[in-house]
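Listed below, chain by chain, are the residues.
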Amino acid sequence: MIIDGYNVIHAWGLDTSNLEDARAKLLHILDDFAGFSGEDITVVFDGYNTKQPASETKHGLLTVI
């Protein structure tokens, strides 16, 4: 399953006044879901307006790009 992180944050109405906290909350929820469902989940946060190259990390059961 591939998740567009920022779209879900906005669609779920998570507090975006601190995007770092919103990302952490989303990752926590999705990590719980991955453990429950057994799904392989990749969460993508687009790097719009950033000069940093894309990176891939693990967050619990999730792959985060």
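Residues numbered from 1 in each chain as written. Predicted model: local features only at pLDDT ≥ 70, side-chain atom pairs only at ≥ 80, totals over all residues. Heavy atoms only, no water.

(A) Representation of the sheet that holds strand β4 (residues 62-64). Reading across from one edge, β1-β2-β4-β3 is the order of the four strands in this open sheet, with mixed pairing throughout. Both outer strands of the open sheet, β1 (2-4) and β3 (57-59), are each paired with one neighbouring strand and no more. This sheet shows a mean twist of 30° between the axes of neighbouring strands, independent of strand direction. Of the strand pairs in this sheet, β1 and strand β2 (residues 42-44) are connected by three bridges, and their pairing is parallel. Its bridge partner lying in β2, I2 is registered against T42. Together, β1, β2, β3 and β4 form the strand contacts of helix α2 (residues 19-37), whose direction differs from that of β4 by roughly 140°. (Pairing = 2+ DSSP bridges. Helix = DSSP H or I, 4+ residues; strand = E, 2+ residues; numbered from the N terminus. Axes fitted to C-alpha atoms, helices over the stretch in contact; angles between N-to-C directions. Contact = heavy atoms within 4.5 Å.)

(B) The packing of aromatic side chains, seen in detail. Inspection of every chain in the model, using the stated rule, returns one aromatic pair. Consider the rings of Y6 and F45, whose centres lie 5.1 Å apart with planes at 65°: the pair is edge-to-face. Placement of Y6 in helix α1 (residues 5-11) and of F45 in the loop between β2 and β3 is noted, with a sequence separation of 39 residues between them. Classification of Y6 as buried rests on a relative accessible area of 19%. (Phe/Tyr/Trp six-rings, centres within 6.5 Å; stacked < 30°, edge-to-face > 60°. Buried < 20%, exposed > 50% of the residue type's maximum accessible area, 1.4 Å probe, protein only.)

(C) Here's a closer look at the nonpolar core. Grouped together as the largest cluster of nonpolar side chains are 15 residues, with contacts concentrated most on I9, L26, V43, F45 and L62. Of all the secondary structure elements, the ones that give two or more residues to this core are α1, α2 and β4. The element that contributes the greatest number of residues to this core is α2, accounting for five residues. Apart from residues lying up to four places away in sequence, L26 is in contact with G5, V8, I9, W12, L14 and F45. (Core = buried A, V, L, I, M, F, W, Y, C linked by side-chain atoms within 4.5 Å.)

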